[in-house]
Amino acid sequence: MGERVIPLTDWRRGAAMARPAAPIAATGLLADARGRPLRDLRISVTDRCNFRCSYCMPKEVFDNRHAFLPHSALLSFEEITRLARLFTAHGVRKLRLTGGEPLLRKNVEDLVAMLSGLRAPDGEELDLTLTTNGSLLRRKAAALKAAGLRRVTVSLDALDDAIFQRMNDVGFPVADVLAGIDAALAAGLGPVKVNMVVKRGVNDHEIVPMASHFRDRYGCAAVLRFIEFMDVGATNGWRMDDVVPSSQVLGRLQQAWPLHALESAAPGETAQRWGYDDGRGEIGLISSVTQAFCHDCNRARLSTEGQLFLCLFASQGHDLRSLLRGGATDADITTAIAQVWGGREDRYSELRGSAAAPQAGERRVEMHYIGG
């Protein structure tokens, strides 16, 4: 019996993209309708994950009857690399591999090796990173580094084992994630960023213990970042009451340690940086709910089956796979990317809750499908 895809929502299909008539050459500086440059491409390599975190892939929705994409629907490593090369010509300087859980994609280190060979038009190396839940990182870290990966970001929502296992909903222990972080640092994939999604009444009492652990154990080698619980997709039961604003997170941390504000590391950076006064590293605050950063968002997202999404909260992607597999030339795809990004006006977080906000007519893309 052949593989079949069951499209559950419109975002699994994407908007058809006709082959453009008039070519648009890549200049290395592609801006959208609001003047935001394209600098960061997040590439999902699988829609599967071995965790069932309630804020991303709740078990009651993503159960054993859920139809994930068959392998034939996924972009091949060669297709991903071709697209990444064309995005780089438009100005992308950072590639981030995501999932689902990207380390579940068989031989993903081969893809890393292919992408690590890409260069910006000026010959500079790209910032090649990967986001993972850490479950397979201990066994994969050395191979990823050898293939050319530069850094990793690890998701970890609590130190308390009972809380973390309840949140990942598959009984995976904290100790194995910490072992993955240790392996990443030993392999040279540092500094490691550690992302904690904070949900009120679930893990917000872990804020200070998490910060204490990472500053004392790792210092500057790991950066803990606190992420506001976001209304991504339609399956995570998001309510504003569950959000712990970053200002409150910062207040709790400042009661424990003196902190000072740091400059952004790069344009379009999502995290506000705060350093410990004693020099024991830093923390980050990602506040897309209460302090939207749409005004300088420079990120595009490529789904595992080749849909280009312009926002984490988008309702529809743009089908690049049909061009890849339909005989389109590099010039055709380069032009298509330019047209899509050039018309981008997305700023969902800035409009959230206002009269101008997109209405709930179409279901938004799920985070597991395009990464965070």
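Quick caveat: nothing in here was measured; it's all calculated off a predicted structure.

Criteria and cut-off values
- Residues numbered from 1 in each chain as written.
- Predicted model: local features only at pLDDT ≥ 70, side-chain atom pairs only at ≥ 80, totals over all residues.
- Heavy atoms only, no water.
- Helix = DSSP H or I, 4+ residues; strand = E, 2+ residues; numbered from the N terminus.
- Buried < 20%, exposed > 50% of the residue type's maximum accessible area, 1.4 Å probe, protein only.
- Contact = heavy atoms within 4.5 Å.
- Areas by Shrake-Rupley, 256 points an atom, 1.4 Å probe, with all protein chains shown as cover.
- Pairing = 2+ DSSP bridges.
- Axes fitted to C-alpha atoms, helices over the stretch in contact; angles between N-to-C directions.
- Phe/Tyr/Trp six-rings, centres within 6.5 Å; stacked < 30°, edge-to-face > 60°.
- Lys NZ or Arg CZ within 6 Å of the ring centre and 35° of its normal.
- Core = buried A, V, L, I, M, F, W, Y, C linked by side-chain atoms within 4.5 Å.
- Salt bridge = Lys/Arg side-chain N within 4 Å of Asp/Glu carboxyl O.
- pLDDT = per-residue confidence, 0-100.

Caption draft 1: Spatial organisation of the overall build of the chain. Across its full length, the chain carries 11 helices and 12 strands. Counting the 372 residues in the chain, one finds 56% classified as buried. For the chain, the share of sequence-separated contacts (at least 6 apart) that also reach a separation of at least 24 residues comes to 74%. In the structure as shown, the chain presents an accessible area of about 15,300 Å², 51% of it carried by carbon and sulfur atoms.

Caption draft 2: The sheet that holds strand S5 (residues 192–198), seen in detail. What the 12 strands build is an open sheet, ordered S7-S8-S9-S6-S5-S4-S3-S2-S1-S10-S11-S12; its pairing is mixed. Either end of the sheet is taken by a strand with one partner, and the two such strands are strand S7 (259–261) and strand S12 (318–319). Bridge analysis of strand S2 (residues 94–98) against strand S3 (residues 127–132) gives four bridges, and the strand direction is parallel. When the bridges of S3 are listed, leucine 97 appears paired with leucine 130. Along the sheet, helix H6 (residues 207–217) contacts S5, strand S6 (222–228) and strand S8 (271–276); its crossing angle with S6, the most-contacted strand, is approximately 160 degrees.

Caption draft 3: Local environment of the packing of aromatic side chains. Overall, the coordinates contain four aromatic pairs when judged by the stated rule. Here phenylalanine 51 and phenylalanine 172 contribute two aromatic rings whose centre-to-centre distance is 5.3 Å and whose plane-to-plane angle is 50 degrees, an arrangement assigned as tilted. Note that phenylalanine 51 is positioned in the loop between strand S1 (40–44) and helix H1 (77–89) and phenylalanine 172 in the loop between helix H4 (161–168) and helix H5 (174–187), a separation of 121 residues in sequence. For the residue pair phenylalanine 51 and phenylalanine 172, the accessibility class agrees, reading buried in each case. The residue whose ring lies beneath arginine 215 is tyrosine 276, and the NZ or CZ to ring-centre distance is 4.7 Å.

Caption draft 4: Just the nonpolar core, in detail. Judged by nonpolar contacts, the single largest core of 107 residues is most densely connected at Leu95, Phe214 and Phe226. Setting aside its immediate chain neighbours within four residues, phenylalanine 214 contacts Leu156, Leu178, Ile181, Val194, Gly219, Ala222 and Leu224.

Caption draft 5: Quick look at the environment of alanine 261. Within the fold, alanine 261 resides in strand S7. According to the relative accessible area criterion, alanine 261 is exposed, its value standing at 54%. In the structure, alanine 261 is positioned 16 residues away from aspartate 277 in sequence and 9.8 Å away in space, judged by C-alpha atoms. When residues no more than four places from it in sequence are discounted, the contact partners of alanine 261 are Arg273 and Trp274.

Caption draft 6: Inspection of the pairing of strand S10 (residues 299–302) at higher detail. What you see with S10 is no split at all: Arg299 and Arg301 on one side and Ala300 and Leu302 on the other are buried throughout. Where S1 lies against S10, four bridges are found, and the strand directions are parallel. Looking at S10, one finds that aspartate 40 is bridged to arginine 299. In textbook terms, the turn of a hairpin is the stretch between consecutive antiparallel strands, and for S10 and strand S11 (residues 307–309) this stretch comprises four residues, one of which, glycine 306, has a positive phi near 90 degrees.

Caption draft 7: Here's a closer look at the pattern of salt bridges. Following the criterion strictly, the structure yields 18 salt bridges and no others. Ionic pairing is found between arginine 42 and aspartate 40, a salt bridge with its closest N-O pair at 3.7 Å. Accessibility classification places arginine 42 together with aspartate 40 in one group, the buried group. Each of Arg215, Asp216, Asp278 and Arg280 takes part in salt bridges that share partners, so that together they form one network.

Caption draft 8: Seen up close, the confidence of the model for the chain. On average, residues of the chain score 89 in pLDDT, and 87% of them reach the 70 mark or higher. Contacts of residues 1–11 to residues separated by more than four positions or lying in other chains number 23 contacts, the stretch itself having pLDDT below 50.

Caption draft 9: Broad picture of the pairing of strand S9 (residues 282–286). Judged by how many residues are buried, S9 sits mostly within the fold: five of five residues are covered. Residues Glu282, Gly284 and Ile286 line one face of S9 and the alternating positions Ile283 and Leu285 line the opposite face, and both faces are buried. Pairing between S6 and S9: four bridges, direction parallel. Along S9, the bridge assignment pairs arginine 225 with glycine 284. Taking the residues between adjacent antiparallel strands as the criterion, S8 and S9 are bridged by five residues, where glycine 279 takes a positive phi near 80 degrees.

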